[in-house]
Structures are given as structure tokens and as C-alpha cells.
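Residue-level structural notes
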Amino acid sequence: MVQITVEGKTEEQSFECEQDDTILRAALRAGKGFPYACNVGSCGNCRFQLLDGEVEHAREDAPAWGERDLKRNRYLGCQAHPKGDCRIKLRFDDAYTPEILPARTEMTLKAKSTITHDISEFFFELKTPTPFLPGQYALLGLPGVDGGRAYSMSNVTKEGSEWHFQIKRVPNGAATTCLFDRVNTGDTIKLDGPYGTAFLREDAPRDILCLAGGSGLSPMVSITRAAAVSDKLKGRQIDFVFGGRATRDVCGREFLEELPGFGDRIRFHAAISNPGPEDADWDGHTGFVHDVAHEIFGDSIRDKEIYFAGPPPMAQAVQKLLFDLKVPPEQIHFDEFY
Ligand SMILES: Cc1cc2nc3c(=O)[nH]c(=O)nc-3n(C[C@H](O)[C@H](O)[C@H](O)COP(=O)(O)OP(=O)(O)OC[C@H]3O[C@@H](n4cnc5c(N)ncnc54)[C@H](O)[C@@H]3O)c2cc1C
Ligand code: FES
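Every chain begins its residue count from 1, and numbering advances along the sequence as written. Naming scheme: in the order in which they are written, chains are lettered from A and ligands are numbered from 1. Only residues with pLDDT of at least 70 are given local features in this predicted model, and only at 80 or more are side-chain atom pairs given and counted; all residues enter the totals for whole chains, interfaces and linings. Each side-chain value is derived from all of the structure's non-hydrogen atoms; neither hydrogens nor water enter the calculation.

Labelled according to an unreviewed UniProt entry, the protein chain appears under the name Oxidoreductase FAD-binding region, originating from Marinobacter algicola DG893. In its Cofactor (unreviewed entry) section, UniProt records this for the protein chain: "[2Fe-2S] cluster". UniProt positions are given in the numbering used here, feature names are shortened, and annotations may be inferred rather than shown by experiment.

**Focus on the overall build of the protein chain**
In this description a helix means any DSSP run of H or I spanning at least four residues, a strand means any run of E spanning at least two, and both kinds are numbered starting from the N terminus. A tally of helices and strands in the protein chain yields 7 helices and 19 strands. In this scheme, a residue with accessible area under 20% of its type's maximum is buried, one over 50% is exposed, and one in between is partly exposed, where area comes from a 1.4 Å probe on protein chains only. Every one of the 338 residues in the protein chain was classed for burial, and the buried ones make up 52%. We call two residues contacting when some pair of their heavy atoms lies within 4.5 Å. Restricting the contact set of the protein chain to residue pairs at least 6 apart, pairs at least 24 apart contribute 70%. For the protein chain, the accessible surface area stands at approximately 15,800 Å², while carbon and sulfur atoms represent 46% of it. Note that His is not counted, nor are the chain ends; the positive residues are Lys and Arg, and the negative ones are Asp and Glu. Charge positions come from single atoms, namely NZ of Lys, CZ of Arg, CG of Asp or CD of Glu. The averaged location of the 51 negative side-chain charges in the protein chain is 3 Å from the averaged location of its 39 positive side-chain charges. Per-residue accessibility takes into account occlusion by the displayed protein chains alone, with areas from the Shrake-Rupley method and a 1.4 Å probe.

**Section: the sheet that holds strand E5 (residues 74-76)**
Here we have 5 strands laid out as an open sheet, ordered E2-E1-E7-E3-E5, and mixed in their pairing. One side of each edge strand has no neighbouring strand; the edge strands of this open sheet are strand E2 (13-17) and E5. Here the strands of the sheet are splayed against their neighbours by 40° on average, with no regard to which way each runs. The pairing criterion is simple: DSSP has to find at least two bridges between the two strands. Lines are fitted to the C-alpha atoms to define the axes, a helix being fitted only along its stretch in contact, and any angle between axes, read from their N-to-C directions, falls within 0 to 180 degrees.

**Some remarks on the nonpolar core**
The nonpolar core is taken to be a set of buried Ala, Val, Leu, Ile, Met, Phe, Trp, Tyr and Cys residues, with the residues joined through side-chain atoms within 4.5 Å. Among the nonpolar cores identified, the biggest contains 32 residues, and Ile4, Ile23, Phe34, Tyr36, Phe48 and Ile88 are the most heavily contacted of them. Those elements that place two or more of their residues in this core are strand E1 (2-7), E2, helix H1 (23-29), strand E3 (47-52), E5, strand E7 (86-89) and strand E10 (137-141). Tallying contributions element by element places H1 first for this core, with 5 residues. Two domains each put at least three residues into this core: domain 1 (2-96) and domain 2 (103-195). In this entry, domain limits derive from an automatic or database-based domain assignment.

**Quick look at the site of ligand 1**
Neighbouring residues are identified by heavy atoms, a residue being near a molecule or strand if any of them is within 4 Å of it. Taken together, 25 residues surround ligand 1, and among them Ala150, Tyr151, Lys168, Ala175 and Thr176 come closest. Between ligand 1 and Ala175, the relevant distance is 2.8 Å, taken from an oxygen atom to a main-chain nitrogen or oxygen of the residue. With respect to ligand 1, the backbone of Ser215 contributes an N or O atom lying 3.4 Å from a nitrogen atom. Coverage of ligand 1 by the protein chains reaches 84% of its 950 Å² of free accessible surface. Of the residues that constitute the shell around ligand 1, the class distribution is 11 nonpolar, 9 polar and 5 charged. What qualifies as a polar contact is a pair of N or O atoms within 3.5 Å, subject to a donor-acceptor requirement within protein and to the restriction that residues adjacent in sequence count only when both atoms come from side chains. Just so you know the grouping, Ala, Val, Leu, Ile, Met, Phe, Trp, Tyr, Cys and Pro go in nonpolar, Asp, Glu, Lys and Arg go in charged, and all remaining residues, Gly too, go in polar.

**Quick look at the UniProt feature "domain: FAD-binding FR-type" (unreviewed entry) in the protein chain**
Following the UniProt record, the feature "domain: FAD-binding FR-type" (unreviewed entry) maps to residues 102-201 here. Between the C-alpha atoms that bound residues 102-201 the distance is 19 Å, and the span itself is 9% helix and 44% strand.

**Focus: the packing of helix H6 (residues 289-297) against helix H7 (residues 312-324)**
Contact geometry of H6 with H7 gives a least axis separation of 8 Å together with a crossing angle of 35°. Where H6 abuts H7, its residues Val289, His290 and His294 lie against Met314, Ala317, Val318 and Leu321. Partitioning the contact of H6 with H7 into residue classes produces 5 nonpolar, 2 polar and no charged.

See the structure below:
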């Protein structure tokens, strides 16, 4: 165990870090508000300056880290493993203080089921039950795959003995190929979580809009499942817009149909962006998720609590729309799936 001392805006703070842990994750485990988002080296939100000590950077090729950072002694908290005691410069931010402290454990695959031609749901049982908030994600450690991969949970749980994940297969992807083809029922893998700040806000006094693009299905399903039965959110309208490329990608309705209030206060809207000859019978919306949401709700989007998840082009397009519509940032919660 080593000591990490943080020089921030005000007084100095410190926390302990195991040497096989990262500085970001050890800080969150200690309840500190260390800024972050993706946890896999892609967003750059967890960048800090190393003032004293030595770290090993797990991903040399992390998209958010380069030569310039190295020259300035800057590292990514989610990739930096301390080699001994360190002193770093960073501003903690209360928005990132975890409500549930992330922990490392193992989980066993109990079952899996097919959702579409390339999305499946994986049902895991945890060795040490851990709760999570609807919309959060975890890092899965898969055999033979370098680095953890982030996946959002799709279920709702209080005690946390089961975590479910809806995952899209990426052609030749290291983690998804392993999960889909090599992890069998009864197999155990590593789990680290929960992480993420795009969770359901039960105190928000607004109707809810969930936007999911492809692999972004899982956290939006979890948020909708929780919102549907939340006493605090009774009477709130919940709209769920799912976008895929073609008819065969469309999914999500089947999970919402099971919820109380479906068809009344809970509504599902589907859109496809690239219709081809095989989509001749499609009678839903056509276009990208953000355009379709704007078409359906117009400027009333401004009055909603908005959650979204999906690949970077979708996340960026939604962010631009919400910025143009002047939606207050505190009403927007999202994960970008790098
Ligand atoms: C917060 C968050 C939540 C997500 N939730 C979901 C979800 O619910 N469902 C879903 O289908 N997908 C989700 N993703 C995407 C998922 O994490 C993977 O990027 C995707 O499944 C492709 O992984 P792969 O290994 O199969 O593909 P690959 O093409 O092999 O890997 C691609 C991803 O892995 C990263 N990567 C490569 N090497 C390393 C390394 N050494 N350490 C860490 N990362 C590395 C890359 O930067 C890239 O993001 C989420 C991503 C993020 C950031
Ligand atoms: S959280 Fe470290 S780069 Fe995104």
C-alpha cells in the first residue's frame, strides 16, 4: 500500500493506493471526488500532474495521453499505477464523489440471452454482493484481454447480488469476442465497480427522456426500469428513444413492455438511420436519434431530465443539440462509449 498526497485548490488531502490499483480508482474507493468519465484512457477527464514520485502508465497508447503530457509530467488517473508514495496536483470535485464506493470482486456467468443479431444480455452473480445506481457501469476483467473494459448494467438491484449487462459484439473486438465466444455459463471473471455519474436522479422534478444508440441500450434500460417503479418519480412521463442503423438493430421495447405504465406514462420510440431494401416494411422513425428526438419533442426537450448513452458520434450529436437548445447542463447525464 502506498500513500498518494493531493495538492488541490485548498488544503492537502491523501489516500492509500494498492500498487496494482490505479490512482483514480483508489481515490474513488477512498470516497474522493476525483474527476473522470470513461475509466479506460479515452476521455482525459482524469488527467493530473505528478509532482513527486513515480508511476507506471498502463496504456501507453491511451487515446487521451501523449508526448506532450509526458513532457509536462501529466498522467491519466485511470491508467497510472504508483510505484511508491506520490504527490500529485489535482482539484477534487464533489460531483465525482461516489455514492457507492467501487470495489473489486469476481462474478460468475449464470446465463446469457440474445437480444439482436449482435447484442446479447449477460447475467452474472457476484461473489461479494455490491449495489449500484441505475445507469452506472463496471470494469470487466476478461481472461487474455489487456486492460478492463467498461460495460453498463441493465438491471436494477438493491443488494447487488446480480449484475446484468447488455453488450454489443464488436467485430474482432478483444473483450466482446472473449465474452461472446469464450466465457461460458459457470465461468468466473473479474469485476470492478460501480463507476459513473450518469445515474438516475430521483429528486429531479421533470419528465424523463432516455436516448440510446446501439450499445447504449443497457444503462437506459436500467434507468427506465428504476424510474418506472420509483415512488419519487410517480406520474413522470418517461420517453425512451432507441436508434439503430437498420430494422434488425432495433431493440429495447421488450424490456419496457414489462414495466408498469408502459404505453401510457412510459413510451418507446425507435428510429433507424440507414434504411436499405430489407427495411422496406419499416414504419417507425427514420434518422439519427438526436434528430428524431428533436422531431418528436421539439423545444420541450428543454424541460426534461435527459439521459443518453452510445458511441461517440451519437453522444457528440446529442450534446450539440442540447447545447443549441440551451438545456441546462445539470439536466443532462451521459456516458460516451469509447
Ligand atoms: C463508460 C462506458 C460504458 C460502456 N458500456 C457499454 C455497454 O453497456 N455495452 C456495450 O456493448 N459497450 C459498452 N461500452 C463499450 C465497451 O467498453 C467496449 O469499448 C466495446 O465493447 C469494444 O470492446 P472490445 O474489446 O470488444 O473492442 P476492441 O476494439 O478490442 O477495444 C476497443 C475499446 O477498448 C479500449 N482499449 C483497448 N486497449 C485497452 C486497454 N489496454 N485497456 C483499456 N481499454 C482498452 C479502446 O480504447 C476502445 O475503447 C462502454 C464504454 C464506456 C467507456
Ligand atoms: S477517465 Fe481516465 S481517460 Fe477517461
